[in-house]
Amino acid sequence: MQKPKTKFDQKWKLIRGHSMEWWSLIAEHDLKKVDKADDKLDKFLTILQVKYGYTRVEARDEVNRRWTAYSRAKTIVESLVS
């Protein structure tokens, strides 16, 4: 039985597309490792910890901060276009 996808897994392609812009130390080979991982969030957080020296909590907070900022900006743009 396959486990249900997390929100991170569902948004991975979008997050992946912005990752090198949001985190300059992230490279394509890092993203390919996440692509192959069963638990994408866990692998991504580990990469952020290694590259930036974050704790696990700091890495998770950083992902949440970037995603929240992106989502808010997208909502604002969409409301201006409507």
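Read on for a plain summary of the structure. Quick caveat: nothing in here was measured; it's all calculated off a predicted structure.

**Some thoughts on the environment of isoleucine 15**
One can find isoleucine 15 in helix 1 (residues 7-22). Looking at isoleucine 15, the relative accessible area reads 4%, which means it is buried. Distance from isoleucine 15 to valine 63, taken between C-alpha atoms, is 9.2 Å for residues 48 residues apart in sequence. Excluding residues that lie within four positions of it along the chain, isoleucine 15 makes contacts with Phe8, Trp22 and Trp67.

**Some remarks on the environment of lysine 43**
Locating lysine 43 in the fold gives a position in helix 3 (residues 40-52). The partly exposed category is assigned to lysine 43, whose relative accessible area is 31%. For the pair lysine 43 and glutamine 10, spaced 33 residues apart in the sequence, the C-alpha separation amounts to 15 Å.

**Some points on a nonpolar patch on the surface**
Together, Ile76, Val77, Leu80 and Val81 give the surface a local cluster of nonpolar side chains, amounting to about 440 Å² of exposed area. Here isoleucine 76 is to be found in helix 4 (residues 56-81).

Rules used in this analysis
- Counting from 1, residues in each chain are numbered in the order their sequence is written.
- Per-residue local features of the predicted model are confined to residues with pLDDT of at least 70, and side-chain atom pairs are confined, for both listing and counting, to 80 or more; whole-chain, interface and lining totals are unaffected and use all residues.
- As a rule here, side-chain values cover all heavy atoms of the structure and leave hydrogens and water aside.
- Segments assigned H or I by DSSP are reported as helices when at least four residues long, segments assigned E as strands when at least two residues long, and all are numbered from the N terminus.
- The rule is simple: take the accessible area with a 1.4 Å probe, protein chains only, and divide by the maximum for that residue type; under 20% is buried, over 50% is exposed, in between is partly exposed.
- We call two residues in contact when some of their heavy atoms are within 4.5 Å.
- Nonpolar side chains (Val, Leu, Ile, Met, Phe, Trp, Tyr) within 5 Å and like charges within 9 Å form the patches, drawn only from residues with over 30% relative accessible area and no salt bridge.
- All accessible areas in this document rest on Shrake-Rupley with a 1.4 Å probe, and a residue is counted as covered only by the protein chains that are shown.
- A pairing counts as a salt bridge when a side-chain nitrogen of Lys or Arg comes within 4 Å of a carboxyl oxygen of Asp or Glu.

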